[in-house]
Amino acid sequence: MNLEVLVLYYSRHGSVAALASQVARGVNAVPGVAARLRTVPPVTAQAGERLPAIPASGPPYATLNDLGDCAGLLLGSPTRFGGMAAALKHFLDGSGTEWLNGSLSGKPAGVFTSGSSMHGGQESTLLSMALPLLHHGMLLVGVPYTEGAVSATRAGGGPYGASHLAPEAAQTTLSEEEARIALHLGRRVAEVALRLTPARPR
Ligand SMILES: Cc1cc2nc3c(=O)[nH]c(=O)nc-3n(C[C@H](O)[C@H](O)[C@H](O)COP(=O)(O)O)c2cc1C
């Protein structure tokens, strides 16, 4: 049976979803590892408002069990005022039991984001997503400069993780370098997950 790497993200207009597909491609390129794509519901200002349990389109919403099941995690969010979106933070803030149980401890993790302006806080958003993962005891995986796209990019993507520069809403086409960095990150988290998971008896 394949190990599973959880690709967990929030996307309102599709840019982060495009990155999620690409990091998942990288995960699935590693034999023995498969990506499990999950999203989180939006948060609303209406207290008690009931949202549909299943999204109208795209991958299902994550449950906290997904955190325990995964061998690694790739976490993605739009850049919102230089940090992660409330919807993703809300899901993570509900993971206290998993935090205390060490459900994610010792597992590799990578982060990805999309933003509309070049210096509008993509890096701080990646770091904002890394913080709760460190509290969970995860092992952060970045993108090394041996991946030439990290130096060559004139849009998103860097050593802290994958990102996409989307000046217009719903601009979901990744640049060549952004796509390479996202693929690299997915593959790298999957490879580390494979190495860190003890071989199971057949
Ligand atoms: C409330 C709000 C805050 C935002 N803050 C930033 C920001 O600080 N920096 C930035 O570059 N883009 C910012 N954006 C733009 C989004 O990050 C960008 O459109 C992103 O690509 C959306 O991802 P999605 O298509 O997956 O929803 C913001 C958008 C909204 C709605």
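If you're wondering where the values come from, they're calculated on a predicted model, not measured in any experiment. (Residues numbered from 1 in each chain as written. Predicted model: local features only at pLDDT ≥ 70, side-chain atom pairs only at ≥ 80, totals over all residues.)

Enquirer: So what's going on with the overall build of the protein chain? Residues and values would help.
Expert: Across its full length, the protein chain carries seven helices and six strands. Against the compact-globule benchmark of 17 Å for 202 residues, the protein chain has a radius of gyration of 16 Å, which places it among compact chains. Taking the principal axes of the C-alpha coordinates as reference, the protein chain spans close to 50 × 50 × 30 Å. With 202 residues in all, the protein chain has 44% of them scored as buried. (Helix = DSSP H or I, 4+ residues; strand = E, 2+ residues; numbered from the N terminus. Rg over C-alpha atoms; globule rule 2.2 N^0.38 Å. Buried ≥ 20, exposed ≤ 12 C-beta atoms within 10 Å, placed from the backbone.)

Enquirer: How would you summarise the nonpolar core if you had to cite specific residues and measurements?
Expert: Judged by nonpolar contacts, the single largest core of 54 residues is most densely connected at Val5, Val7, Val23, Val27, Leu73, Ala182 and Val189. Secondary structure elements with two or more residues in this core: β1 (3–9), α1 (15–28), β2 (33–39), β3 (72–78), α3 (86–93), β4 (108–115), α5 (122–135) and α7 (176–196). Tallying contributions element by element places α7 first for this core, with nine residues. Those residues in contact with Val5 that lie beyond four places of it in its chain are Val27, Val33, Ala35, Cys70, Ala71, Gly72, Leu73, Leu74, Val189, Ala190 and Ala193. (Core = buried A, V, L, I, M, F, W, Y, C linked by C-beta atoms within 7 Å. Contact = placed C-beta atoms within 7 Å.)

Enquirer: Any chance you could break down the site of the ligand for me, citing the residues and the numbers?
Expert: The immediate surroundings of the ligand are formed by 20 residues, with Ser11, His13, Ser15, Gly115 and Gly120 found nearest. If you tally residues by element for the shell around the ligand, the top one is α1, at three residues. Across the shell around the ligand, the residue classes tally to six nonpolar, 12 polar and two charged. (Near = placed C-beta within 6 Å. Nonpolar A, V, L, I, M, F, W, Y, C, P; charged D, E, K, R; others polar.)

Enquirer: Report on the pairing of β2, specifying residues and quantitative values.
Expert: Burial runs high along β2: five of the seven residues are buried. Pairing geometry for β1 and β2, over seven bridges, is parallel. In the sheet register, Leu8 faces β2, and the bridge partner there is Arg38. Taking the sense of rotation as the criterion, the β-α-β connection linking β1, α1 and β2 turns out right-handed. (Pairing = 2+ DSSP bridges. Right-handed = clockwise from strand over helix to strand, strands pointing away.)

Enquirer: Tell me about the environment of Thr44, and please be specific about residues and values.
Expert: Its location among the elements puts Thr44 in the loop between β2 and α2 (65–69). Judged by local crowding, Thr44 falls into the exposed class, with 11 C-beta atoms found within 10 Å. Put simply, Thr44 and Ala87 are 43 residues apart on the chain and 8.9 Å apart in space, counted from C-alpha to C-alpha.

Enquirer: An account of α5 is needed here, citing residue identities and associated values.
Expert: Think of an α-helix as turning once every 3.6 residues; residues three or four places apart then point the same way. If you check α5, its first and last C-alpha atoms are 21 Å apart, about what 14 residues at 1.5 Å a residue would give, namely 20 Å. Considered for burial, the residues of α5 that qualify are Gln122, Thr125, Leu126, Ser128, Met129 and Leu133. Buried residues along α5 cover an arc of 155° about the axis, so they all sit on one side. Exposed and oriented more than 90 degrees from the buried face of α5 are Leu131, Leu134 and His135. Looking one or two places after α5, you find Gly137, whose phi comes out positive at around 85°. (Expected span 1.5 Å × (residues − 1). Arc of directions from axis to C-beta.)

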